[in-house]
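Read off the chains here:
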Amino acid sequence: MKATLILAGGSGFMGIYLARYFREKGYDIVILSREKHRDAPGIRYVVWDGETPGAWVQVLNRAEVLINLAGKSVNCRYNDENKRLITESRVKSTAVLGEAIRRCEFPPKVWINAATATIYRHAEDRPMTEDDGEKGEGFSVEVAKAWEKTFGSYAAPEVRQVLLRIAIVLGNDPGGPLASGHQMFSWLHIHDLAQIIDWTIHNPEATGIYNCSASEPVSNARFMQALCTSMQVPLGIRVRMWMLKIGALLLQTELELVLKSRWVLPERLLREGFVFEFPEIEKALADLQQGLLLSKKSEKGSAYSKSVGSPTF
């Protein structure tokens, strides 16, 4: 009998990739989604609202792994309504999963919860690690704190809990340097995210908080240069602040998503023996570009066809 892996909020970019990855590893996949979807071979969808216990709770019983990715996209304007939805979708989904685990006679052996590397302050002076990282201020940081606090409040001795502070997961999106270009960009190839989760599942000593970012963060200017090189397009003109403000308004998003200097190091992963397949930005982007070309030749549904992996923040 195959082990069951549950993905809460697994119908987005990261969830689709992880579902395929772990299906190939031999798991039966159950995706908790707010919308109905057609089942696929080895992947079953179960409807939940992300807030209240229901019939979906029974799928957790005897499951091997629970991965929670649920949360409204932060790629929006931070008005009062969107702020409420961003916060509640993360906090409530985590809380109801904790309640569901308490109801299980045989709860999942491992509960892996997404979090965000944006919990750290804007940093251009030094990198942030799990041990000495400094938390920042503002809306995104407060959401991150509430998210982590909720996860920690449901500690169960029989369930190993792992919190992943995930950096921006990469896809394809050309452009020029943003503002000064000096801000740091911590990133992660989607395949390395899958392998990190796989590593935590099979490493019984893995517990607590891990920074999930590539071991070699880069400046925004270098990232944009490497991206344009991989796509064989000219490096765009430097995008000035006034352009960004207008663009953010037109695209209904927030400047923080592109201007905050995220300088995060995966110190614990490196110390405990995890090896990144894509530590360098040039190698990662070359692989993603190749995947994009292959997906265009086959069909449009590939995970690589997304422009950017849905960032936690």
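As the structure is a computational prediction, the values presented were derived from the model and not from experiment.

Some points on the pattern of salt bridges
Right, so step 1: All told, the structure shown has 16 salt bridges when counted by the stated rule.
Right, so step 2: The partner of Lys 145 in a salt bridge is Glu 142, and the shortest N-O contact between them spans 3.5 Å. Of this pair, Lys 145 and Glu 142 both sit in helix α3 (residues 139-152), three residues apart, roughly one helical turn.
Right, so step 3: In this structure, Glu 282 engages Arg 222 in a salt bridge whose closest nitrogen and oxygen atoms are separated by 3.1 Å. Taken together, the positions of Glu 282 in helix α9 (residues 281-298) and Arg 222 in helix α5 (residues 220-231) put the pair 60 residues apart, joining distant regions of the chain.
Right, so step 4: Residue classification places Glu 282 among the partly exposed positions, given a relative accessible area of 37%.
Right, so step 5: When salt bridges with common partners are traced through the structure, they connect Arg 121, Asp 125, Arg 126, Asp 132 and Glu 134 into a single cluster.

Quick look at α3
Right, so step 1: Taking 1.5 Å of rise per residue, 14 residues should cover 20 Å, and α3 covers 20 Å from first to last C-alpha, within 8% of that figure.
Right, so step 2: Within α3, burial applies to Ser 140, Val 141, Val 143, Ala 144, Trp 147, Glu 148, Thr 150 and Phe 151.

Some remarks on the sheet that holds strand β10 (residues 208-212)
Neighbouring strands of a sheet are bound in pairs by backbone hydrogen bonds; such pairs are parallel or else antiparallel.
Right, so step 1: The parallel open sheet is built from seven strands, whose spatial order is β3-β2-β1-β4-β5-β6-β10. Two strands lie at the open edges of the sheet, namely β3 (43-47) and β10, each paired on one side alone. Ignoring which end each strand starts from, the neighbouring axes of this sheet average 20° apart.
Right, so step 2: The pairing of strand β5 (residues 110-116) with strand β6 (residues 160-166) spans seven bridges and is classified as parallel. Considered in β6, the bridge of Thr 116 is made with Ile 166.

Let's talk about the environment of Glu 88
Right, so step 1: Relative to the elements of secondary structure, Glu 88 occurs in helix α2 (residues 80-103).
Right, so step 2: Expressed as a C-alpha distance, the spacing of Glu 88 and Glu 51, which sit 37 residues apart in the sequence, is 8.7 Å.

Some remarks on unusual backbone geometry
Right, so step 1: A positive phi angle, near 70°, is found at Arg 62, a position not held by glycine.
Right, so step 2: Tracing the chain through its elements places Arg 62 in the loop between β3 and β4 (65-68).
Right, so step 3: For Arg 62, a relative accessible area of 60% puts it in the exposed group.

Focus on the nonpolar core
Right, so step 1: Counting 38 residues, the largest nonpolar core has Leu 5, Leu 7, Phe 22, Ile 29, Ile 67, Ile 112 and Ile 197 as the members making the most contacts within it.
Right, so step 2: Those elements that provide at least two residues to this core are β1 (4-8), α1 (13-24), β2 (28-33), β4, β5, β6, α4 (190-202) and β10.
Right, so step 3: Not counting the four nearest positions on each side in its chain, Leu 5 is found in contact with Phe 22, Tyr 27, Asp 28, Ile 29, Val 30, Val 65, Ile 67 and Ile 201.
Right, so step 4: Membership of the second largest hydrophobic core comes to 26 residues, among which are Trp 48, Ala 100, Ala 115 and Phe 151.

A short note on the pairing of β5
Right, so step 1: In terms of residue burial, β5 counts as a mostly covered element, since seven of its seven residues are buried.
Right, so step 2: What you see with β5 is no split at all: Val 110, Ile 112, Ala 114 and Thr 116 on one side and Trp 111, Asn 113 and Ala 115 on the other are buried throughout.
Right, so step 3: The pairing of β4 with β5 spans four bridges and is classified as parallel. Within β5, the position partnered with Val 65 by the bridge is Val 110.
Right, so step 4: A crossover links β4 with its parallel partner β5, the connecting element being α2, and its sense is right-handed.
Right, so step 5: Handedness of the crossover is the feature at issue here: the chain leaves β5, passes through α3, returns alongside β6, and the resulting connection is right-handed.

Focus on the packing of aromatic side chains
Right, so step 1: Taken as a whole and assessed by the stated rule, the structure comprises eight aromatic pairs.
Right, so step 2: Both rings, one in Trp 48 and one in Trp 56, keep their centres 5.2 Å apart while their planes meet at 80°; by these two values the pair is edge-to-face. With respect to burial, Trp 48 and Trp 56 carry one shared label: buried.
Right, so step 3: Ring centres of Trp 199 and Tyr 210 lie 5.9 Å apart, and the angle between their planes is 85°; on these two criteria the pair is classed as edge-to-face. Of this pair, Trp 199 sits in helix α4 while Tyr 210 sits in strand β10; the two residues are eleven residues apart in sequence, bridging distant segments of the chain. For the residue pair Trp 199 and Tyr 210, the accessibility class agrees, reading buried in each case.
Right, so step 4: Here the aromatic cluster, defined as three or more aromatic residues joined through ring pairs, consists of Trp 199, Tyr 210, Phe 274 and Phe 276.
Right, so step 5: Lys 83 extends its terminal NZ or CZ atom over the ring of Phe 139, reaching a point 5.3 Å from the ring centre.
Right, so step 6: When the ring centre of Trp 147 is taken as origin, the NZ or CZ atom of Arg 90, which lies over that ring, is 5.2 Å away.

What to know about the environment of Ile 281
Right, so step 1: Relative to the helices and strands, Ile 281 is located in helix α9.
Right, so step 2: On the basis of relative accessible area, Ile 281 is assigned to the buried category, the value being 1%.
Right, so step 3: Residues Ile 281 and Val 218 lie 63 residues apart in sequence; the distance between their C-alpha atoms is 7.7 Å.

Each value, and the rule that gives it
- Residues numbered from 1 in each chain as written.
- Predicted model: local features only at pLDDT ≥ 70, side-chain atom pairs only at ≥ 80, totals over all residues.
- Heavy atoms only, no water.
- Salt bridge = Lys/Arg side-chain N within 4 Å of Asp/Glu carboxyl O.
- Helix = DSSP H or I, 4+ residues; strand = E, 2+ residues; numbered from the N terminus.
- Buried < 20%, exposed > 50% of the residue type's maximum accessible area, 1.4 Å probe, protein only.
- Expected span 1.5 Å × (residues − 1).
- Pairing = 2+ DSSP bridges.
- Axes fitted to C-alpha atoms, helices over the stretch in contact; angles between N-to-C directions.
- Core = buried A, V, L, I, M, F, W, Y, C linked by side-chain atoms within 4.5 Å.
- Contact = heavy atoms within 4.5 Å.
- Right-handed = clockwise from strand over helix to strand, strands pointing away.
- Phe/Tyr/Trp six-rings, centres within 6.5 Å; stacked < 30°, edge-to-face > 60°.
- Lys NZ or Arg CZ within 6 Å of the ring centre and 35° of its normal.

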